[in-house]
Amino acid sequence: MKRLVILGGGESGVGTAVLAQKKGFDVFLSDKGKIKDKYKDVLSKYGIKYEDEKHSEELILNADEVVKSPGIPDKADLIKALVKKGIPVISEIEFAGRHTNAKKICITGSNGKTTTTLLIYHMLKKAGLNVGLAGNVGQSFAMQVAENDFDYYVIELSSFQLDGMFDFKADIAILLNITPDHLDRYNYKLENYAESKFRVIQNQTSEDAFIYCIDDEVTMSIIKNKKIKAKQYPFSIKQKVEQGAFLNENNQLEIKTTNTNPLFMTIQELALQGKHNIYNSMAAGVTGKLIDIRKETIRESLSDFHNIDHRLELVGNVHGIEFINDSKATNVNSTWYALESMNNPVILILGGVDKGNDYSMLNDLVKEKVKAIICLGADNKKIIKAFGGMVETILEAKSAKEVVAQAYKLGKKGDTVLLSPACASFDLFENYEDRGTQFKQAVRAL
C-alpha cells in the first residue's frame, strides 16, 4: 500500500486526503498550524490519521509521495529534506488529475484569472453541462473528484500550483497575461515566474487548445522559444487574428475557432467593462466556441455575468459619491486595471503588506485620474514616497472605518472612492475578504 503524506490541512489538503483514502492509499496529513474544526470533522469522519501544530519528520519522511499545500515554499526545510531523500512532492491538482477523465479547462495568468474562471464556469452551467469549479476558487478539485462525477472542470491555477504539476494535462489551457507578482518566490526573476505560468501547456497534444493574449509582451517573448503542440487561439484588442478573438473594425468582439460561423458581440453588451475585462471575455468566448456551446448561450453568459465579491464591486452611492470594493487587488497590476476602468475622479485607498511593489507603473493613471490617496496599512512610507509629488492629498488610516470616514469627507458628488490596495492585507486584516467586508460595512454605516 502506497503511503501518501499531505502537508497542509486546509481545503486542498483535506480534499486530497479524502480522495487518497477512497483510492486505497495509506494516508497521513500534517499541518504546522492549527487545523480548523470543520476540516478535523471531515478527517475524523473518514478515519484519516492527522496531526496539527507540528510536523513529525519520522511520519513524513517515510512517504512514497507527498502532496503539499501551494502556500508552502520549496525553500522550506521539510521540503528540502523530502527532495534530498528523492520523495516526489506534488500538488493537489496533479494528484486529483490522475483520478478523473473529465475535460479540464485550466486558467492561469497574473491578473483576471478568478474572473475568467468564474465566467467560463457560468457559461458551462448556463449551457447545461455537468461541470465543477476548482483550483483557487470553489471547492477542492480532489474532493470533487472523490465525490462527484463531473464531465468538465474549470480550474484556476496559480503559479505555485503549476510548480507542483508534472504529468497533469489541460485539455484547454488559458494564459491571460504575465506581470511581476510573487517574485519573492522566484528569486526575483520574472523569467522564472513566467516559466511557471507556461507549465499550463505542458503535456498538451495536437488534440488540445492553448488560448493566450497576443498583446502581452512577456507572453510573446517566451512563446517564440517554445514548441507548442496544441492548437493556438490568440486573442487581441490591437490586431486581427485568424482563429481566436479580436476587436474588428466595427469595434465588435469577433470570436472564431473555425473558418466559418464567427460570433459577434458589441463591447457595450459585455457584463464586465474595462479593457482588461474585454480580454477576460474573449478568453471565455473562445472556450465556449471550442466546446461547441451555442452562440446565443455564449452571448448571454458574457452579458449577464455577475463578478465575484471584492473585485471591482460597487458597494453603494452615498450623496453622489460612489464606493467600489476591489480588495482582491493584492498587486500593483490589479490596481492598474482597476484605475484603467474608472471614469470619475478617484479617491484611491492603497496599502497593506508590500510584496516588493514597484508603484511607478501607476504614475500615468494616478496623475490622470486620482485626486487623493489614503494609505491603509501599518507602514505607508513607500506609497507616500512614490506619489508624494503627484497628488495634493495623501492621508493615512489604520482601520476600514477610519479610511471610509476620511474618503467621505474628501469626496464630492461625482467622485469614486476606490479600495484597490495593490498589497496583501495581513498587517491590519485577516485576509483580503476581511478587508473588503470591513470596508463594505463602514460604507453602509455612513
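Residues numbered from 1 in each chain as written. Predicted model: local features only at pLDDT ≥ 70, side-chain atom pairs only at ≥ 80, totals over all residues. Heavy atoms only, no water.

A.B. asks: Before we go on, may I ask you to explain the packing of aromatic side chains in this structure?
C.D. replies: Geometry of an aromatic ring pair is reported as the spacing of the ring centres plus the angle between the planes. For the coordinates displayed, the defined rule picks out 9 aromatic pairs. Aromatic pair Phe141 and Tyr153: ring centres 4.8 Å apart, planes at 80 degrees, arrangement edge-to-face. Of this pair, Phe141 sits in helix H7 (residues 141–147) while Tyr153 is found in strand S8 (residues 152–156), placing the two residues 12 residues apart along the sequence. Among the residues examined, Phe141 registers a relative accessible area of 0% and is labelled buried. With 5.9 Å between their ring centres and 65 degrees between their planes, Tyr359 and Phe387 make a pair best called edge-to-face. Residue Tyr359 is found in the loop between strand S17 (346–350) and helix H14 (363–369), and its partner Phe387 is found in helix H15 (residues 381–387); the two are separated by 28 residues along the sequence. (Phe/Tyr/Trp six-rings, centres within 6.5 Å; stacked < 30°, edge-to-face > 60°. Helix = DSSP H or I, 4+ residues; strand = E, 2+ residues; numbered from the N terminus. Buried < 20%, exposed > 50% of the residue type's maximum accessible area, 1.4 Å probe, protein only.)

A.B. asks: Explanation requested: the pattern of salt bridges in the structure shown.
C.D. replies: Pairing between side chains becomes possible if they bear opposite charge and their charged atoms approach one another. Applying the stated criterion across every chain, the model contains 17 salt bridges. With a shortest N-O distance of 2.9 Å, Asp326 and Arg311 are connected by a salt bridge. Within this pair, whereas Asp326 is found in the loop between strand S16 (321–325) and helix H13 (332–340), its partner Arg311 is found in the loop between helix H12 (295–304) and strand S15 (313–318), the two being separated by 15 residues in sequence. Taken as a pair, Asp326 and Arg311 share a single burial class, namely buried. Residue Asp354 pairs with Lys382 through a salt bridge whose shortest N-O separation is 3.3 Å. Taken as a pair, Asp354 in the loop between S17 and H14 and Lys382 in helix H15 lie far apart in primary sequence, 28 residues in all. (Salt bridge = Lys/Arg side-chain N within 4 Å of Asp/Glu carboxyl O.)

A.B. asks: Teacher, can you tell me more about the side chain of Gln161 here?
C.D. replies: Among the structural elements, Gln161 can be located in helix H8 (residues 159–163). Given the relative accessible area of 4%, Gln161 is considered buried. Polar side-chain contacts of Gln161 include one of 3.5 Å to the side chain of Asn136. Other than its neighbours up to four places away in sequence, Gln161 contacts Pro70, Ser91, Ile93, Gly135, Asn136 and Glu156. (Polar contact = N/O pair within 3.5 Å; in protein donor to acceptor, adjacent residues only side chain to side chain. Contact = heavy atoms within 4.5 Å.)

A.B. asks: I would appreciate a short explanation of the sheet that holds strand S3 (residues 49–52) in the present structure.
C.D. replies: What links the strands of a sheet is backbone hydrogen bonding, and the strands pair in either a parallel or an antiparallel sense. If you walk across this open sheet you meet the 5 strands as S3-S2-S1-S4-S5, and the pairing is parallel. Looking at strand neighbours, the two that pair on one side only are S3 and strand S5 (89–90), the edges of this open sheet. Relative to S3, strand S2 (residues 26–31) runs parallel, the two being bridged by 4 bridges. Looking at S3, one finds that Ser30 is bridged to Glu51. Each of strand S1 (3–7), S2 and strand S4 (65–68) is contacted by helix H1 (residues 11–22), which is oriented at about 170 degrees to S2, the strand it contacts most. Each of S1, S4 and S5 touches helix H4 (residues 77–84); the most contacted strand, S1, lies at about 155 degrees to it. (Pairing = 2+ DSSP bridges. Axes fitted to C-alpha atoms, helices over the stretch in contact; angles between N-to-C directions.)

A.B. asks: Just checking my understanding: could you explain unusual backbone geometry for this structure?
C.D. replies: Apart from glycine, the bulk of residues carry a negative phi angle, and the bulk of peptide bonds sit in the trans form. Unusually for a residue other than glycine, Leu312 sits at a positive phi of about 45 degrees. Note that Leu312 resides in the loop between H12 and S15. Taking relative accessible area as the criterion, Leu312 reaches 25% and is therefore assigned partly exposed. The phi torsion at His319 lies on the positive side, around 50 degrees, for a residue other than glycine.

A.B. asks: Teacher, can you tell me more about the pairing of S1 here?
C.D. replies: Strand residues, when the strand is regular, have side chains that alternate between the two faces of the sheet. Counting buried residues in S1 gives 5 out of 5 residues, a clear majority hidden from the surface. Neither face of S1 is open: one carries Arg3, Val5 and Leu7, the other Leu4 and Ile6, and all of them are buried. The sheet contact formed by S1 and S2 spans 5 bridges and is parallel. Bridged to Val5 within S2 is Phe28. Both S1 and S4 contribute to a ladder of 4 bridges, which runs parallel. The partner of Ile6 across the bridge, within S4, is Val67.

None of the figures reported here should be taken as evidence of function without further support.
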